[in-house]
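One letter stands for each residue in the lines below.
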Amino acid sequence: MNQITVQYLTDFSYIVAIAFFILSLKWLSSPATARRGVLIGEIGAAIAVVTTFFNPELVRFKWVLIALLIGVIIGIPLGMVHMTAVPQRTAMSHAFGALAAAMIGISEYYMRIPHITKFEMTEISLEVIIGSLSFTGSLIAAGKLQEWLPQRPIVYKGQNIVSLSVLGAAVLSALVLIFNPVAPLFFPAMVIISLLFGVLLVTPIGGADMPTVIALLNSYVGLTAALLGFVLNSKVLVVAGALDGSSGFILAVIMCKAMNRSFTNVMFGAFGQLQVSAAGAGEERVVHSATPEEAAAILGASNSVIVVPGYGMAVAQAQHKVRELFDVLTKKGVELRFAIHPVAGRMPGHMNVLLAEADIPYDRLIDMETANSEMPQTDVALIIGANDVTNPAAKTDQGSPIYGMPIIEVDKARTVMVIKRSLSPGFAGIDNPLYYMDKTLMLFGDAKAFVSNIVKELTGGGGE
Amino acid sequence: MPEGFISNLYVFVLAGFLGFEVIRRVSPLLHTPLMALTNALDAIVVVAAIIIAARPGSELSEILGAIAVAAAFSNMVGGFLITDRMLRMFKLSGRKKQ
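Residues numbered from 1 in each chain as written. Chains lettered and ligands numbered in written order. Predicted model: local features only at pLDDT ≥ 70, side-chain atom pairs only at ≥ 80, totals over all residues.

Q: Please explain the overall build of chain A as it appears in this structure.
A: Counting its regular elements, chain A contains 17 helices and six strands. In terms of overall dimensions, chain A has C-alpha extents of about 80 × 55 × 35 Å along its principal axes. The proportion of buried residues among the 464 residues of chain A is 51%. Taking as baseline every contact in chain A between residues at least 6 positions apart, the subset at least 24 positions apart corresponds to 78%. (Helix = DSSP H or I, 4+ residues; strand = E, 2+ residues; numbered from the N terminus. Buried ≥ 20, exposed ≤ 12 C-beta atoms within 10 Å, placed from the backbone. Contact = placed C-beta atoms within 7 Å.)

Q: Mind showing me how you'd approach the interface of chain B and chain A here?
A: Often, the extent of an interface is quoted as the loss of accessible area on bringing the components together. Contacts between the two partners involve 80 residues from chain B, matched on the other side by 94 residues from chain A. Secondary structure elements with two or more residues in the side of chain B that touches chain A: α1 (5–24), α2 (31–42), α3 (45–54) and α4 (59–89) of chain B. Ranked by the residues each element gives to the side of chain B that touches chain A, the list is headed by α4(B), at 27 residues. In terms of residue class, the side of chain B that touches chain A is built from 54 nonpolar, 19 polar and seven charged. (Nonpolar A, V, L, I, M, F, W, Y, C, P; charged D, E, K, R; others polar.)

Q: Help me out: how do you make sense of the environment of A:Q7 in this one?
A: Residues and elements named next belong to chain A. Assignment of secondary structure puts Q7 in helix α1 (residues 3–27). Using a count of 14 C-beta atoms within 10 Å as the deciding quantity, one classes Q7 as partly exposed. C-alpha separation for the pair Q7 and I298, spaced 291 residues apart in sequence, amounts to 70 Å.

Q: What should I look at first to understand the nonpolar core in this one?
A: The nonpolar side chains of a soluble globular protein tend to be buried, and buried together. Grouped together as the largest cluster of nonpolar side chains are 195 residues, with contacts concentrated most on B:I44, B:V45, B:V46, B:A49 and B:V69. In terms of domain composition, this core takes at least three residues from each of domain 1 (60–212) and domain 2 (292–460) of chain A. Setting aside its immediate chain neighbours within four residues, B:V45 contacts A:A100, A:A101, A:I104, A:A225, A:L228, A:L237 and B:A72. (Core = buried A, V, L, I, M, F, W, Y, C linked by C-beta atoms within 7 Å. Domains from an automatic or database assignment.)

Q: Looking at this structure, I do not really get α3(B). What am I missing?
A: Helical geometry note: an α-helix holds 3.6 residues per turn, so side chains three or four residues apart project in the same direction. For α3(B), the buried fraction is high: 10 of the 10 residues fall into the buried class. For α3(B), the full list of buried residues reads B:V45, B:V46, B:V47, B:A48, B:A49, B:I50, B:I51, B:I52, B:A53 and B:A54.

Q: What should I look at first to understand the sheet that holds strand β5 (residues 415–420) of chain A in this one?
A: Backbone hydrogen bonds hold the strands of a sheet together, and the pairing may be parallel or antiparallel. Residues and elements named next belong to chain A. Ordered in space as β3-β2-β1-β4-β5-β6, the six strands form an open sheet in which the pairing is parallel. In this open sheet, the two edge strands, each paired with only one partner strand, are β3 (365–367) and β6 (440–444). Direction aside, neighbouring strands of the sheet carry axes that sit 25 degrees apart on average. For strand β4 (residues 380–384) and β5, the ladder comprises five bridges, and the chain directions are parallel. (Pairing = 2+ DSSP bridges. Axes fitted to C-alpha atoms, helices over the stretch in contact; angles between N-to-C directions.)

The structure is reproduced here in structure tokens:
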């Protein structure tokens, strides 16, 4: 085959790959076709990778083959992680994606100098800056999610000024390079400053904001790949990057809306983030608590139950016990469903995956809108490890830091049960008036142990 | 402006809109698998990395290219693997296994 034929074949195979990628995402729209979507995505990727090896320009394969092998050795364990660890795995894969794109951009720069136009230098600089900051930013996010780094927001005075100055320095280095591409120290300086900016960008962000941050980093990584497509004049990268970028962008917007935070607030990470801890309520308020026996009796006698799970459920590893509760109540004829708030868990859709892993059928999972319209006809709303997403202050108290955030309106149910270790405020440090309502029963204890005790009551005392 | 920039820009804008329309339809139920799948698809940068590492050039580009190949390919392998694992977990009621 001559070179032109090979070039046509490569281009054609990349077009096929892109078409398959789009089909892959389209089939992901419903659980019924989603696995087919993965398969066609795999076929598209395989076609593109295999055809690339026919490129006659390629002469040295040793390190490529070793690197592919390393990729498999790292990739398989990363594909086998537990569902609770999926958020940090996702952050790691964002880091890898950004690393790959940044490495290619850096290598292109050193290959092209000194024959590099201002335009090319602009593209490369932009690509390398965003790639580098996404790399370190994602590593920090992964570290926080894995709890190697503190989950609480790390803030200090003048943070915004410091961070923006660092970003400014990176942009300034890029400008110098555009007008003088061979300035020897400015390119490495630009890379290092961008890496530093990634660290500064994500460090201040707290665990509860992780769903938004992960989606945003996803979007940055996609953008990096698309920019790389511009640098290399490769349309397959432009399309794949645009798809990944728009996906991350959409998810970031959804997360934003679900937390009632403005888009600029998210675009600039945690800058200007509200960290108001509500003033502790002075007066003594009455709390009703119940034992597992009492809770079991009420649950067993009800017709409909909506469970609102939060990340606390996953932390306590209670999802499998929750499934036992689901089984025993369903057997008794109780209609039990799970209401999923969009930001429940540590990344978009995380709670759905955790419940699916515990073998809870997905047609039992309902979204916030459905839950809220059915809440007034619901006998019991059972909250496990969720707090802010059920806080009625978000609707009623204009002074609350979460005022305006859409919530699951559990306070409309006939009875509310909250499984919680103590009355201490939740993640964001905001008091929850739900706990002091007359119809609320607080079930104090560890989520896993408490649910397990309820199940024991229901199976033992149920007379079966 | 290098040749191809404008046509790449066309492709970028159209792909962005297409992505927006397709992904908007993905059920919130599957947002985590969606992110895993788009990571795997984005790992197609591995084809560029292979070319950078394997074409004649400096040792630096061979090393940087190889790092990029390893990083991107691990995303491709791991991304498809975990997406499929997650999707296998989603079951309807009344169809019990095990």
